[in-house]
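Results of the structural survey
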Amino acid sequence: YYNSLGFRDAVIEKDTLYHNAVGNLNIDIQLKEGRKYFFGNITWRGNTKYPDSLLSSILNIKKGEIYNREILYNKLGKTQTAEGGDVSGLYQDDGYLFFNIDPIEILAEKDSIDFEIRIYEGKQATINKVSVTGNTKTNEHVIMREIRTKPGELFRRSDVIRSQEEINRLNYFNPQTLGVTPKPDPQT
């Protein structure tokens, strides 16, 4: 929570549990907030497919905004909660399944943090094979017609997500146990 408010160095220094005279349990927590930080300069390294200006507009974090690691990671697509509109999604919707992105703090001076965002684009991947396992509810062709990813096409993260949503709409399977699992092979 403190990190989302810009207090990157916040720590709990001490906590104490004790019963008061009435018999209730009290908890005393001693915090050290540290300095409040802001985003400084953000530079891009390793990107050849898309220009810095496009990546910066998708990231949409301006110099001087309150530092928030969660927002940074969501906009880069480094969290499970990323729902599109992030840098990783841009690449993965264009076949870059092996794409990797790593934000590096290069300078934390006074109250601002400068980042260098390092990108490994890799090669574009195509779909080799689509298979269904564990189905006992319906004919396989019913499931296959809902799948947006076809062999020979470029990998697209949004198509994988949409395929999973379409299969969920069939109401044959428990959404918590349904999984679409790409099995990437960088050699092929």
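What this report covers is the structure whose coordinates are included nearby. Predicted, not measured: the structure shown is a model, and the values here were computed from it.

Here is what the cut-offs are and how they apply
Residues numbered from 1 in each chain as written. Predicted model: local features only at pLDDT ≥ 70, side-chain atom pairs only at ≥ 80, totals over all residues. Heavy atoms only, no water. Buried < 20%, exposed > 50% of the residue type's maximum accessible area, 1.4 Å probe, protein only. Helix = DSSP H or I, 4+ residues; strand = E, 2+ residues; numbered from the N terminus. Arc of directions from axis to C-beta. Contact = heavy atoms within 4.5 Å. Phe/Tyr/Trp six-rings, centres within 6.5 Å; stacked < 30°, edge-to-face > 60°. Lys NZ or Arg CZ within 6 Å of the ring centre and 35° of its normal. Core = buried A, V, L, I, M, F, W, Y, C linked by side-chain atoms within 4.5 Å. Pairing = 2+ DSSP bridges. Axes fitted to C-alpha atoms, helices over the stretch in contact; angles between N-to-C directions.

**Considering helix 1 (residues 52–59)**
Among all positions of helix 1, only Leu 55, Ile 58 and Leu 59 are buried. Burial along helix 1 is one-sided: seen end-on, the buried residues are contained in an arc of 100°. Each element contacted by the buried residues of helix 1 is listed here: strand 3 (38–45), helix 2 (69–76), helix 3 (87–92) and strand 5 (112–120). Just beyond helix 1, the residue with positive phi is Asn 60, at close to 55°.

**Section: the packing of aromatic side chains**
Tallying each qualifying case throughout the model produces nine aromatic pairs. A centroid spacing of 5.7 Å and a plane angle of 80° characterise the contact between Tyr 91 and Tyr 96, whose relative ring orientation is edge-to-face. Neither Tyr 91 nor Tyr 96 differs from the other in exposure class; each is buried. Three or more aromatic residues joined by ring pairs make a cluster, and in this case those are Tyr 50, Tyr 91, Tyr 96 and Phe 99. One cation-aromatic arrangement involves Arg 8 over Tyr 37; the distance from NZ or CZ to the ring centre is 4.8 Å.

**Here we look at the nonpolar core**
By size, the foremost hydrophobic cluster in this structure holds 22 residues, and its most contacted members are Trp 44, Leu 59, Leu 72, Leu 76, Val 87, Tyr 91 and Ile 101. Elements with a minimum of two residues in this core: strand 3, helix 1, helix 2, helix 3 and strand 5. For this core, the element with the most residues is strand 5, which contributes four residues. Excluding anything up to four places from it in sequence, Leu 72 contacts Phe 39, Leu 59, Ile 61, Pro 103 and Phe 115.

**Describing the pairing of strand 4 (residues 100–109)**
Pairing between strand 4 and strand 5: nine bridges, direction antiparallel. Following the sheet pairing, Glu 105 is matched in strand 5 by Phe 115. Here strand 4 folds back onto strand 5 in antiparallel fashion, the turn holding two residues, of which Lys 110 has a positive phi close to 55°.

**Comments concerning the side chain of Glu 146**
Along the chain, Glu 146 falls in the loop between helix 4 (140–144) and helix 5 (157–169). With a relative accessible area of 15%, Glu 146 lands in the buried category. Excluding residues within four positions of it along the chain, Glu 146 makes contact with Ser 163, Glu 166, Ile 167 and Leu 170.

**Some words on unusual backbone geometry**
Backbone geometry places Asn 60, a non-glycine residue, at a positive phi of 55°. Secondary-structure assignment places Asn 60 in the loop between helix 1 and helix 2. Positive phi, close to 55°, is recorded for Lys 110, a residue that is not glycine. Its location among the elements puts Lys 110 in the loop between strand 4 and strand 5.

**A word on the environment of Tyr 1**
Within the secondary structure, Tyr 1 sits in the segment before strand 1 (11–19). Note on Tyr 1: relative accessible area 74%, which makes it exposed.

**Some remarks on the sheet that holds strand 3**
Strand order in the open sheet formed by three strands is 3-5-4, with mixed pairing between adjacent strands. Looking at strand neighbours, the two that pair on one side only are strand 3 and strand 4, the edges of this open sheet. Sheet twist, expressed as the mean angle between neighbouring strand axes with direction ignored, is 25°. In terms of strand pairing, strand 3 meets strand 5 through six bridges, oriented parallel. Residue pairing in the sheet places Trp 44 in a bridge with Ile 117 of strand 5. Across the sheet, helix 1 touches strand 3 and strand 5, and the angle it forms with strand 3 is around 140°.

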